[in-house]
Amino acid sequence: MSDKPAPGPAPTDKPAGRAHSAVPATILVTLIIAGIVALSLWYVVQPQPLLVQGEADARRIDIAARIDGRVAQRPVDRGQNVTPGQVLVGIDNPELLTQLKEAQAAQTVAAADLARINVGTRVEVIDSRRAALASAQANLTLQQQTYDRTRQLTEKDFASVQKLDEATASLDIAHRSLEQAKASLDEAVTGYTAEEHQVAQASLAKATAAIATLQAQVGELTVTAPSSAQVYQVGTEVGEYVSPGVPLLSLVDLSDVWLRFDLREDLVKRLKIGDKVVVRIPALGDRQVTVEVRTIATKGEYAGWRATRATGDFDLRTFEVRAYPVDKLPDLRPGMSAYVDLAEGGR
């Protein structure tokens, strides 16, 4: 027997195969990690969206009462379309109607007085004053004769001095009565003076003006629509008492609708007058609409968006931007939201 050991199993190459398979796995992991880093860097450098929310607005007409009274009728309701001249609210004020009737009666009196002055003195009045003048003349003749006889008797001591004094006083009264009668006749013949004509004309004009004022107030009892619009808000109900200045209802002109955005002044630089941007309106199915910027105006001094003085900077004020749809949108209503991405300039 041989003392040589039995041959063992032949060596294999399996560890080398595992080493070769581990190399592609490391490369794959490295590539995946590199891809993730590259995508992260690409996402970081991409501009982030800057969505700004706005709201649709329209020309608004606030209708207020100009006369006090009680609401008698309101034939329109919220959301109803109205035409120019259509009755919106009817106000009841019986006292005002009574004042108008009184003013009309005063105008009738003033007109009659002016007509009387324009006609002049009646013939009957002139004849009466002529008769009064003739009577005064006859009385003066009688008193003159009485005075002459009394004076002669007094000179012959047949009458006392007292009788002569009485006759003298009566003669003087007769002279004055004659002068008064002549003046009255001249006044009747001449007629009314220019000043009296002016006073009568002024009275008639005053009465006419009072009627015009009251008629204007009565006209305000019926409130009508100034233009074609839609009833937006209603502030009164039938039976309520309203005073001058109290809002009755509000109208919106749907033919003049725009989108309003309130932007900080550091964002306003992204827009200028005439720019056309694309906005999305969720209420219209997220529809994209092209609008044109027509107004950029600062708001109130204290209508700021963000205060930065705490960080050593200045306050950022707010600007109102109005953008009008390039194409008419019949379905656009005030209050609808709109969004624009200022990072892309809205394009």
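Residues numbered from 1 in each chain as written. Predicted model: local features only at pLDDT ≥ 70, side-chain atom pairs only at ≥ 80, totals over all residues. Heavy atoms only, no water.

Q: Talk me through the overall build of the protein chain; I want residue IDs and the actual numbers.
A: Of the regular secondary structure elements, the protein chain holds six helices and 13 strands. Every one of the 347 residues in the protein chain was classed for burial, and the buried ones make up 28%. Summing over all exposed atoms, the protein chain offers an accessible surface of approximately 22,900 Å²; the carbon and sulfur share of this is 55%. (Helix = DSSP H or I, 4+ residues; strand = E, 2+ residues; numbered from the N terminus. Buried < 20%, exposed > 50% of the residue type's maximum accessible area, 1.4 Å probe, protein only. Areas by Shrake-Rupley, 256 points an atom, 1.4 Å probe, with all protein chains shown as cover.)

Q: An account of the side chain of N93 is requested, with residue identities and associated values reported.
A: Turning to its location among the elements, N93 is positioned in the loop between β4 (87-92) and α2 (94-119). Engagement of the side chain of N93 in a polar contact is seen with the backbone oxygen of D68, the distance being 2.8 Å. Not counting the four nearest positions on each side in its chain, N93 is found in contact with I67, D68 and L221. (Polar contact = N/O pair within 3.5 Å; in protein donor to acceptor, adjacent residues only side chain to side chain. Contact = heavy atoms within 4.5 Å.)

Q: Break down a nonpolar patch on the surface for me, with residues and values.
A: Judged by side-chain polarity, L28, I32 and I36 come together as a nonpolar surface patch covering roughly 300 Å² of accessible area. Residue placement: I32 occurs in helix α1 (residues 14-45). (Patch = residues over 30% accessible without salt bridge, like charges linked within 9 Å, V, L, I, M, F, W, Y side chains within 5 Å. Salt bridge = Lys/Arg side-chain N within 4 Å of Asp/Glu carboxyl O.)

Q: Can you break down helix α4 (residues 161-190) residue by residue, with the values?
A: Every α-helical turn comprises 3.6 residues, leaving residues that sit three or four positions apart pointing alike. Between its first and last C-alpha, α4 extends 44 Å over 30 residues, near the 44 Å set by a 1.5 Å rise per residue. Residues of α4 that are buried: L164, A167, L171, A174, L178, A181, L185 and A188. Where α4 is buried, its residues contact α3 (123-155). Two residues or fewer after α4 comes G191, characterised by a positive phi angle close to 90°. (Expected span 1.5 Å × (residues − 1).)

Q: I'd love a proper account of the nonpolar core, names of residues and values included.
A: In this structure, L259, F261, L263, V279, I281 and L332 are the most contacted members of the largest nonpolar core, which totals 25 residues. Contributing elements (two or more residues each) for this core: β1 (51-64), β8 (247-264), α6 (265-268), β9 (276-281), β10 (287-298), β12 (316-325) and β13 (337-341). (Core = buried A, V, L, I, M, F, W, Y, C linked by side-chain atoms within 4.5 Å.)

Q: Describe the pairing of β10, with residues and values.
A: Of the strand pairs in this sheet, β9 and β10 are connected by six bridges, and their pairing is antiparallel. Opposite V277, over in β10, you have V291 as the bridge partner. Taken together, β9 and the strand that follows it, β10, pair antiparallel across an intervening segment of five residues, in which G285 is found at a positive phi of about 75°. Of the strand pairs in this sheet, β10 and β12 are connected by seven bridges, and their pairing is antiparallel. When the sheet's bridge partners are listed, V293 is paired in β12 with A323. (Pairing = 2+ DSSP bridges.)

Q: Could you give an account of the pairing of β1, with specific residues and numbers?
A: As defined by bridge partners, β1 adjoins β13 across five bridges and the pair is classed as antiparallel. Its bridge partner lying in β13, E55 is registered against S337. Summarising the sheet, β1 and β8 pair through ten bridges and their orientation is antiparallel. Looking at the pairing, A58 lines up with V257 of β8.

Q: Kindly report on the sheet that holds strand β7 (residues 241-242), identifying the contributing residues and their values.
A: Judged by pairing direction, the sheet is antiparallel, and its four strands sit side by side in the order β5-β4-β2-β7 without closing on themselves. Only two strands of the sheet have a single neighbouring strand rather than two, namely β5 (222-224) and β7.

Q: How would you summarise unusual backbone geometry if you had to cite specific residues and measurements?
A: The backbone phi angle of D286 is positive, close to 55°, even though this residue is not glycine. Looking at the element boundaries, D286 is found in the loop between β9 and β10.

Q: Before we move on, can you summarise α3 with the specific residues and values?
A: With 33 residues, α3 should cover 48 Å at 1.5 Å per step; its first-to-last C-alpha distance of 48 Å lies within 8% of that length. Among all positions of α3, only I126, L133, A136, L140, Q143, T150 and T154 are buried. Its buried side turned inward, α3 meets α4. D157 occupies a position one or two residues after α3 and carries a positive phi of about 65°.

Q: If you had to explain the environment of I211 to someone new, which residues and values would you point to?
A: For I211, the location among the structural elements is in helix α5 (residues 194-219). The residues contacting I211, other than those within four sequence positions of it, are L100, A103, Q104 and Q107.

Q: I'd love a proper account of the pattern of salt bridges, names of residues and values included.
A: Applying the stated criterion across every chain, the model contains 14 salt bridges. The salt bridge involving R151 is made with E155; its shortest N-O contact spans 3.1 Å. Here R151 pairs with E155, and both are found in helix α3, just four residues apart, close to one helical turn. Looking at R151, the relative accessible area reads 30%, which means it is partly exposed. Taken together, the shared-partner salt bridges in this structure form one network comprising E55, D57 and R260.

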